[in-house]
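These are the residues of each chain, in order.
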Amino acid sequence: MKRNLLIKLTLAGIGICLLIIVGSFFIDPPKMTEPDPAELFNPSGNFTLTGTSGEPFQLQDLRGKIVLLFFGYTSCPDACPSTLAKLQRAFNLLRKEQIEQVRTVFISVDPARDNPRLLQEYVEYFGVNAIGLTGTKADIDNVVKAYHAHYMIIPSQTSTWYSINHTTTVFLHDKQGKVRYRFLYEETPEQLAEAIKKYL
Amino acid sequence: MQLLSRSLCFLSVFLLLSIANAWAQRITVDDAWIRSIPPSATTTAAFMIIHNTDSDDAVLISADCDIAETAQIHTMEQVGEIMKMKEVSELRIPANGQAVLAPKGYHIMLIGLVRPIQQGETIPLSLNFSGRATVAVDAVVKKWASMAPMSHH
């Protein structure tokens, strides 16, 4: 009799275990909630700065395009040209009609030196459907803040020239203006091209 | 006799020149290039590999370039998502070693270009070392894409 009970208990135990295992397939595992970049970085999906012809520019003017946005300055010796070079390599991995749907937005964090003409010539030189943006320091700072980016002017010890330490991340916006992907400096053009294709 | 002393004199000058030449060549430079920039931009960077075959360290203390108002030695460092650039007062090239000046690291900043630079042209630079002869370098202006190293994973 006792033995019978033991078998029943064992079977019941196995049954409960099976139920838990099978059941677990139907219940979503607890997710590590990753912050949504669209809510963290420029959640409004808009800002206003000045284009290189002096006209006001709004990010929402580019709805329907994938926007690759980053901060820099035209005297940047390395990070900005390297990033633009990477963008070009990524563009080379896309078809012509895909490239048509992508715009690069280069926001100058150096309004004192980057005049519109220089900015326009600089962004065009790299041929990545780029728009150069400038504005007052206050306006630029607001945009920098909205993207949780940073920059700092570093004076030279030996001349009046200064360099600028700045965030190098490229923010990929989908066609609705939401930040979907942050392209870090060490990432490859292939990774960026894949990310662009995902949101075309 | 006169002929002998003349020959000796000639020989010693020759020897001195050879020694000076050999000494100077202990610092050599490879792959010097300058990043090409749009015509109205006035700042760029020069990159190269400096070899030191001497048994003493060599210390680069400054550089000169005729077409730039200022040339400075800089280094870069990626800290988190921020690229930080810093002017340095010297760059040490270890004995029997080399210093690599390349994107994302050390470079010579050419500030205040007095004229636009053309892709493919050669620009002379002078490297000034502490207690050593100046080294002349010919740097080629290259399109940014051709040399910009990409990280691979």
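This text follows the structure it describes.
Now for a quick tour of the structure. For clarity, every value in this text was computed on a predicted model and none was experimentally measured.

Reading guide: rules and limits
- Residues numbered from 1 in each chain as written.
- Chains lettered and ligands numbered in written order.
- Predicted model: local features only at pLDDT ≥ 70, side-chain atom pairs only at ≥ 80, totals over all residues.
- Helix = DSSP H or I, 4+ residues; strand = E, 2+ residues; numbered from the N terminus.
- Buried ≥ 20, exposed ≤ 12 C-beta atoms within 10 Å, placed from the backbone.
- Contact = placed C-beta atoms within 7 Å.
- Nonpolar A, V, L, I, M, F, W, Y, C, P; charged D, E, K, R; others polar.
- Pairing = 2+ DSSP bridges.
- Core = buried A, V, L, I, M, F, W, Y, C linked by C-beta atoms within 7 Å.
- Expected span 1.5 Å × (residues − 1).
- Axes fitted to C-alpha atoms, helices over the stretch in contact; angles between N-to-C directions.
- Parallel < 35°, antiparallel > 145°, perpendicular 65-115°, else oblique.
- Left-handed = near helix turned anticlockwise from the far one by under 90°.

1. A short note on the overall build of chain A
Each helix and strand counted, chain A has seven helices and nine strands in total. Looking at chain A as a whole, 38% of its 200 residues are labelled buried. Within chain A, contacts between residues separated by at least 24 positions form 69% of all contacts whose residues are at least 6 apart in sequence.

2. So, the overall build of chain B
Looking only at helices and strands, chain B features two helices and ten strands. Traced from its N-terminal end to its C-terminal end, chain B shows the element sequence α-β-β-β-β-β-β-β-β-β-β-α. Burial statistics for chain B: of 153 residues in total, 32% are counted as buried. Counting contacts in chain B only where the partners sit at least 6 residues apart, residues at least 24 apart contribute 66% of the total.

3. A word on the interface of chain A and chain B
Each partner contributes to the interface: chain A provides 33 residues, whereas chain B provides 29 residues. Only helix H3 (79–92), helix H5 (116–125) and strand E7 (162–167) of chain A provide two or more residues apiece to the side of chain A that touches chain B. If you tally residues by element for the side of chain A that touches chain B, the top one is H3(A), at six residues. Its residues assigned to classes, the side of chain A that touches chain B comprises twelve nonpolar, 16 polar and five charged. Examined bridge by bridge, E7(A) and strand E5 (residues 82–87) of chain B share two bridges and lie antiparallel to one another. Each bridged residue has a counterpart across the sheet, and for A:His166 the counterpart in E5(B) is B:Met83.

4. Section: the environment of A:Arg182
Residue and element names in this part refer to chain A. Along the chain, Arg 182 falls in strand E9 (residues 179–183). Taking the C-alpha atoms as reference points, Arg 182 and Phe 171, separated by eleven residues in sequence, lie 4.8 Å from one another. Residue contacts for Arg 182: discarding those within four places in its chain leaves Pro 37, Thr 169 and Phe 171.

5. As for the nonpolar core
All names here are of chain A. Ranked by internal contacts, the top residues of the largest apolar core, which has 53 residues, are Leu 68, Leu 69, Val 105, Ile 107, Phe 171 and Leu 172. Of all the elements, H3 adds the most residues to this core, at seven residues. In this structure Ile 107 touches Leu 49, Leu 69, Phe 71, Leu 133, Ile 140 and Val 143, once residues within four positions along its chain are discounted.

6. Remarks on H3(A)
All names here are of chain A. In this model H3 runs 20 Å from its N-terminal to its C-terminal C-alpha over 14 residues, within 8% of the 20 Å that 1.5 Å per residue would give. Most of H3 is tucked away, with eleven of its 14 residues classed as buried. All of the buried residues along H3 are Ala 79, Cys 80, Pro 81, Ser 82, Thr 83, Leu 84, Ala 85, Lys 86, Leu 87, Ala 90 and Phe 91.

7. So, the sheet that holds strand E2 (residues 56–58) of chain A
Residue and element names in this part refer to chain A. The sheet built from seven strands is open, its strands ordered E2-E1-E5-E4-E3-E8-E9 with mixed pairing. Two strands bound the open sheet, and with one partner strand each, they are E2 and E9. Going from strand to strand, the sheet's axes swing by 35° on average, the running direction of each strand aside. Sheet analysis places strand E4 (residues 102–108) next to strand E5 (residues 130–134), joined by four bridges and oriented parallel. Counterpart to Val 105 in the pairing with E5 is Ile 131. Helix-sheet contacts for helix H7 (residues 189–198) involve strand E3 (66–72), E4, strand E8 (170–173) and E9, and the interaxial angle to E9 is about 175°.

8. Focus on the packing of H3(A) against H7(A)
All names here are of chain A. At a closest axis distance of 8 Å, the pairing of H3 and H7 adopts a crossing angle of 55°. Classified by the angle their axes make, H3 and H7 are oblique. The two elements H3 and H7 meet at a crossing, and its hand is right-handed. In contact with Lys 86, Arg 89 and Ala 90 of H3, H7 contributes Pro 189, Leu 192, Ala 193 and Ile 196. Of the residues assigned to the contact of H3 with H7, the class counts are five nonpolar, no polar and two charged.

9. Considering the environment of A:Val144
Residues and elements named next belong to chain A. Within the fold, Val 144 resides in helix H6 (residues 137–146). For Val 144, a count of 17 C-beta atoms within 10 Å puts it in the partly exposed group. Note: C-alpha distance between Val 144 and Phe 41 (103 residues apart in sequence) is 9.9 Å. Ignoring any residue separated from it by four or fewer positions in sequence, one finds Val 144 in contact with Phe 71, Val 109, Ala 149 and Tyr 151.

10. Topic: the pairing of strand E10 (residues 135–142) of chain B
Residues and elements named next belong to chain B. Of the pairings in the sheet, the one linking strand E1 (residues 27–35) to E10 comprises three bridges and is parallel in character. Residue pairing across strands places Arg 35 opposite Lys 142, the latter belonging to E10. The sheet contact formed by strand E9 (residues 122–129) and E10 spans six bridges and is antiparallel. Looking at the pairing, Ile 123 lines up with Ala 139 of E10.

11. Description of unusual backbone geometry
Its identity is not glycine, yet A:Asn129 carries a phi of approximately 50°, on the positive side. Counting through the fold element by element, A:Asn129 comes out in the loop between H5 and E5. Overall, A:Asn129 belongs to the buried group, with 20 C-beta atoms counted inside 10 Å. Positive phi, close to 75°, is recorded for B:Lys104, a residue that is not glycine. Inspection of the secondary structure assignment puts B:Lys104 in the loop between strand E7 (97–101) and strand E8 (107–113). Under the C-beta neighbour-count criterion, B:Lys104 is labelled partly exposed, with 18 such atoms within 10 Å.

Bear in mind that shape data such as this cannot, by itself, settle questions of function.
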